[in-house]
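Survey of secondary and tertiary structure
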Amino acid sequence: MLDKLNKAIKIAENNGAKFVDARYDNLLIRTIVKDNGRISNLKAMKRAGVGFNVFYKGASGYAFTADISDAALENAVIKALGIAKASAPAVVIKSEYEPATPTKSVDLNVNFKEKPWELDTSDRLDILNRMETVAKEHGEKISSLMLLYGELSGTKLFTNSEGTSISWKPNVVDIRTMVSSKTPSGDLVRASSGNGGSIGMEFYKTKDNTPEDFAKNAALWAKELIDAKAAPAGEFAALTENNLSGVLAHESFGHLTEGDFIGQKSSPLHDRIGEQLGSEHVTMIDEGVMDTDAKVTPFHLPFDDEGSPTNKVTLLEEGVLKGFLNSRATAPLTDGVVTGNARAINYTFNPIPRMRNTYVSPGDLTEEEAIEQMGTGIYAIGTSGGQVTGDGTFLFKAIRGYWIENGEKKYPIKDVTLTGNILHLLKEIGGATRDFELKSGYFGGCGKNGQFPLPVGYGGPKILFNKIRFGGEMQ
Amino acid sequence: MNEKEFFDTLKSDLQAIVDTGIKYASNTYNDFSHEIYIINTKSLDISINAGMVDAKAGGQVGVGVRSVKDKKVGFASASGISDESVNFAIDAAVNLSKSLTEADDRWTGFVSDKRSGKDGILDDKILEYSSEEAVDGANKVFHEAKEFDKRIISVSGSTTISYGGFAIGNTEGLSKASRYTYAVGTSYITAKAGDKTKNAFDYIMSREVPSFDGIGTSGAKKAIDLLESKPLGKTSEMTVVFDQLTAGQFIQTGLGNSINGKSVLEGRSIWADRMGDNIGIKGLNIYDNPQIPEDPGMQAIDAEGFPREPIKIIDDGVLKSFIFDKYNADAHGSENTGNASRNASQSFEAAPGISTSTITLDPGSKSIDKLLEEAGDGVYITGFLMGISHSNLISGDFSIVSPSAYRIENGELAGAIDSITIAGNLYKSFNQLVNIGNEKDLTFVGKIPSLAYDGFTVSG
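**Regarding the overall build of chain A**
Counting its secondary structure elements, chain A contains 8 helices and 25 strands. Relative to the globule expectation of 23 Å for 475 residues, the C-alpha radius of gyration of chain A, 23 Å, shows essentially globular dimensions. Counting only C-alpha atoms and orienting by the principal axes, one finds that chain A spans roughly 70 × 55 × 35 Å. The proportion of buried residues among the 475 residues of chain A is 59%.

This is the structure we're talking about:
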């Protein structure tokens, strides 16, 4: 396949292209959804195709094809060159790569004991059935029980006119239980539990990480919410649980550091490198390769989709803005550092700056100390997602939590909205716990420019905020 | 083959691939029933971001197959529409079905209805539109906005040209196809003054080649206006006037789950037992209308081949219909409404589910100025409703942030305000409507006029 790609690259070069890269994805995605006792989705998706990125006079053109015959590849690379040529007169700022040292890396295989993609469908179904039994055992007034299995595996090839040549095998697996219970007033409360990452199935046999553990957690958390109160509205001190901390870091701050937004000056951070943006308690990192353990299950990404090795990037160091997330295309427009953040969800998209595994570094508090330091406020847990605008205004939904009074857990609270502006919020960080968790997975990945769900990891400690605006929900 | 030939023969070409697939599936797995969905589209996207040009060409080309035996359903998809891709998807769908031990007793089979709705407007000029013209269009949007005001620090102007079609066939003998052409232009603008940054956008969409003039300027003007924002400075109930786009987002969210036949069947819709009840104000008429010829989303058939047709959802405030695909309609004992969809983009990777097509709300007689005048004091909401998609769709409670809102004072707009929070209940809101505007335009969130509500809590 690499030979076919290189042949097409030559054709574009012979027709005037300054630089060409080619990417071949051959991925297989399997998902199963069991919804209230029925398999509502049993699915296999094969995504295979080639994308060419061609540069001509400061303009770039991207074209792709699912047909991998020589004729179709030639057609696609010529199409990419054609649209780059058509775009060249409109270029104000040239998108061009600085030359890079070619990377040669072939057949990076993972060494899992039990490879998810080698399971039988019946093994996958069995995992969901086991969760179903346990969730029913521990839940109360369950009105909806959804069990999810997701898996991505395959091969990615990359080559370019500089002589880089890469072959590697992305993989991710994800298992989740989602329980909704009915409250006496007829409302539904939801909780979910699960874990995923670039991991072998042996992970799901370790302590606290079995499918049964996930099912039990989700059922018990939903049960606890049946009598939970609505959170009061207003500004309160807050402690965000690890998963919510990670999603806040990713969504509300991470995106603002992406090189395309910085280069276009549409991010409020574009001219603030070196400035103290947050309190000294916040250090934020994004990286492609991390060690896995019982609490840390990253998405393993050794190379990005421009063939660059993935570097560890410090975004915030003790509150000071230190770096941006770049592709080769955006690096010259920002701080010049190619970080290996160019990612595309599949061959039908050109790579753009995206996060990999993003997290806040742990602090030195225990959970008890953090709650005591908070005094009175909200301990917010989990999230069903959120939204952020280009100026840093954010809105997140925490799934559940506790009202804390004078350092003591008083009562559970239902889902609650957190709003504000991240640039104000960073200054309100009063500390972080020493326990650290990071997750990734197939479901609920990152979305940008129509590319969803891209597997990313996010995590951190529990973070203590002096104040966050909560609520507005009906009481 | 030129693009006109490609498009003229697209339906028959796709149907031929489906038919070949059905023959292979029937011959190889004759004790199964099968459904094959094929899509082949071509798109050109030009985007000019801060002076950098990104151009992308390609399309959605792939196959999705459902294979069923003894009420056990497997689904598989593959990129590409070669024999190899189609046969891979068939083999994989059959294997998944075989691996199931439990039957789905609700399964009643594939669609066999022979009728079709109509395709929307098809414009040959879209097929001939060159890369150079698309670049010119995006460039015009970019420069209009960039040159509007010095406080504009970033502009993204883009054009998309797309055409193609899809075909469906199954072992019930069904074989149908639908085609489309469309073009979209967008501007996305960032303006900055002091430490305040504001974003705004505008767009145009059409099934024909449109003029991209003006959307750069209008987007830029919105962003500049928002720079003058001041805090609202209070929390209270007040009249909220949504412009067409925000009204569209609000109504779509209010109906998305409540009228969805699957939610109704599973008891997750608050309106599951309210058919025939008054759920909104007198004079409120809402349809799901997939047959608006100028609508880029118009299709002749739904995602499993059932004819597309308008459905009346709310008639004079009374709940008249839910929306269904075949599976959920049969399970609920209702008529299929032709609302099967494979995600918003009719992706070949998605098995059919249910979604609204284009929600239309009958306009009233009053202009937006009249709505503002009658509001007296309140807020006027534009742009995006942040967090609307995270509303509690079971209970209807919502809490949203509007970063692009204006104060209404003495019946007139009185300047932009900083981000505000609006909270209320989606389902109660149908009875909290106090005014319906007279706009009749189609937007990307339906054909819904400006709407004024009382009873929401506004805070900022």
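**Concerning the domain arrangement of chain A**
Residues and elements named next belong to chain A. Split by domain assignment, chain A resolves into domain 1 (2–225) and domain 2 (234–470). Between the C-alpha centres of domain 1 and domain 2 the distance comes to 21 Å. If you look at the interface, domain 1 gives 46 residues, while domain 2 gives 33 residues. Looking at the side of domain 1 that touches domain 2, the elements that each hand over two or more residues are β1 (19–35), β2 (38–56), β3 (59–65), β5 (142–160), β6 (165–168), β7 (171–182), β8 (188–197) and α4 (211–225). Residue classes in the side of domain 1 that touches domain 2 are distributed as 20 nonpolar, 14 polar and 12 charged.

**Here's the deal with the domain arrangement of chain B**
All names here are of chain B. Along its sequence, chain B is organised into domain 1 (3–227) and domain 2 (235–459). Its C-alpha centre places domain 1 at a distance of 24 Å from the equivalent point of domain 2. In this complex, domain 1 contributes 37 residues to the contact, which on the side of domain 2 involves 31 residues. Those elements that provide at least two residues to the side of domain 1 that touches domain 2 are β1 (33–49), β3 (61–69), β4 (72–79), β5 (152–170), β6 (175–193), β7 (196–206) and α6 (215–227).

**Regarding the pairing of β2 of chain A**
Across the 19 residues of β2 of chain A, 16 count as buried, placing the element largely inside the fold. Note that β1 of chain A and β2 of chain A share 17 bridges and pair antiparallel. Bridge pairing in β2 of chain A places N26 of chain A opposite A48 of chain A. Between the antiparallel neighbours β1 of chain A and β2 of chain A lie 2 residues, among them N36 of chain A with a positive phi of about 50 degrees. With 4 bridges joining them, β2 of chain A and β4 of chain B adopt parallel strand pairing. Bridging from a neighbouring strand, M45 of chain A pairs with S77 of chain B of β4 of chain B. Relative to β3 of chain A, β2 of chain A runs antiparallel, the two being bridged by 7 bridges. The partner of Y56 of chain A across the bridge, within β3 of chain A, is A59 of chain A. Here β2 of chain A folds back onto β3 of chain A, and the loop between the two strands holds 2 residues, one of which, K57 of chain A, carries a positive phi near 45 degrees.

**So, the sheet that holds strand β14 (residues 359–361) of chain B**
Residues and elements named next belong to chain B. Reading across the sheet, the 4 strands line up as β11-β10-β9-β14 and stay open at both edges, with antiparallel pairing between neighbours. Here the strands that pair on one side only, and so sit at the sheet edges, are β11 (318–319) and β14. For strand β9 (residues 286–288) and strand β10 (residues 311–315), the ladder comprises 3 bridges, and the chain directions are antiparallel. Bridging from a neighbouring strand, Y287 pairs with K312 of β10.

**Examining the interface of chain B and chain A**
Contact with chain B, which involves 59 residues of that partner, is made by 63 residues of chain A. When residues of the side of chain B that touches chain A are assigned to their parent elements, the largest contribution, 7 residues, is made by strand β2 (residues 52–58) of chain B. Among the residues forming the side of chain B that touches chain A, the class breakdown is 23 nonpolar, 27 polar and 9 charged. By the bridge criterion, 4 bridges tie β3 of chain A to β2 of chain B in an arrangement that is parallel. By the bridge assignment, S60 of chain A is partnered in β2 of chain B with D54 of chain B.

**Some words on helix α1 (residues 2–14) of chain A**
Residues and elements named next belong to chain A. In this model, α1 (13 residues) spans 18 Å end to end at C-alpha, consistent with the 18 Å of a helix rising 1.5 Å per residue. For α1, the full list of buried residues reads L5, A8, I9 and A12. All buried residues of α1 project into a common sector of 105 degrees when viewed along the axis, lining one side. Those residues of α1 that are exposed and angled more than 90 degrees off the buried face are D3 and N14. On its buried face, α1 is in contact with β1, β2, α2 (70–87) and β5. Backbone geometry just after α1 places G16 at a positive phi near 110 degrees.

**A few points about the packing of helix α2 (residues 10–28) of chain B against helix α3 (residues 83–99) of chain B**
Each pair of packed helices can be summarised by the angle the axes make with each other and by the distance between the axes. All names here are of chain B. Their axes nearest at 10 Å, the elements α2 and α3 cross at an angle of 40 degrees. It follows that α2 is oblique to α3 by the angle criterion. For the pair α2 and α3, the sense of crossing is right-handed. Along its contact with α2, which presents I17, G21, Y24 and A25, the element α3 presents V86, N87 and I90. Here the residues of the contact of α2 with α3 are counted per class, giving 5 nonpolar, 2 polar and no charged.

**Looking at the confidence of the model for chain B**
Taken over all residues, the pLDDT of chain B has a mean of 96, while the share at 70 or more is 100%. We note a pTM of 0.94 for the whole complex and an ipTM of 0.93 for its interfaces.

**Some points on the environment of T334 of chain A**
Tracing the backbone shows T334 of chain A in the loop between β12 (320–321) and β13 (342–343). If near-sequence neighbours (up to four positions away) are discounted, T334 of chain A is found in contact with G259, I262, G263, F324 and N326 of chain A.

**Points about the sheet that holds strand β10 (residues 284–287) of chain A**
Residues and elements named next belong to chain A. Taken in spatial order, the 6 strands of this open sheet run β12-β11-β10-β15-β24-β21, and their pairing is mixed. What marks the edges here is a single partner per strand, and that holds for β12 and β21 (437–439). Where helix α5 (residues 242–253) meets the sheet, its contacts fall on β10, β15 (357–360), β21 and β24 (457–460), and the angle it forms with β24 comes to roughly 120 degrees.

**Re the environment of T240 of chain A**
Residue and element names in this part refer to chain A. The topology assignment puts T240 in strand β9 (residues 234–240). Of the residues examined, T240 has 31 C-beta atoms within 10 Å and is grouped as buried. For the pair formed by T240 and G401, sequence separation is 161 residues and the distance between their alpha carbons is 9.1 Å. When near neighbours in sequence (up to four residues on either side) are disregarded, T240 contacts S245, L248, A380, K462 and I463.

**Observations concerning the pairing of β24 of chain A**
Residues and elements named next belong to chain A. Because side chains alternate across β24, one face comprises the buried residues G457 and G459, and the other comprises Y458 and G460, equally buried. Pairing geometry for β15 and β24, over 3 bridges, is parallel. Residue pairing across strands places N357 opposite G457, the latter belonging to β24. Sheet analysis places β21 next to β24, joined by 3 bridges and oriented antiparallel.

**A look at helix α3 (residues 121–138) of chain A**
End to end, α3 of chain A covers 26 Å across 18 residues, agreeing with the expected 26 Å (1.5 Å per residue, within 8%). Looking at α3 of chain A, one finds that the buried residues are R124, L125, I127, L128, M131, V134 and A135 of chain A.

Thresholds applied
- Residues numbered from 1 in each chain as written.
- Chains lettered and ligands numbered in written order.
- Predicted model: local features only at pLDDT ≥ 70, side-chain atom pairs only at ≥ 80, totals over all residues.
- Helix = DSSP H or I, 4+ residues; strand = E, 2+ residues; numbered from the N terminus.
- Rg over C-alpha atoms; globule rule 2.2 N^0.38 Å.
- Buried ≥ 20, exposed ≤ 12 C-beta atoms within 10 Å, placed from the backbone.
- Domains from an automatic or database assignment.
- Contact = placed C-beta atoms within 7 Å.
- Nonpolar A, V, L, I, M, F, W, Y, C, P; charged D, E, K, R; others polar.
- Pairing = 2+ DSSP bridges.
- Expected span 1.5 Å × (residues − 1).
- Arc of directions from axis to C-beta.
- Axes fitted to C-alpha atoms, helices over the stretch in contact; angles between N-to-C directions.
- Parallel < 35°, antiparallel > 145°, perpendicular 65-115°, else oblique.
- Left-handed = near helix turned anticlockwise from the far one by under 90°.
- pLDDT = per-residue confidence, 0-100.

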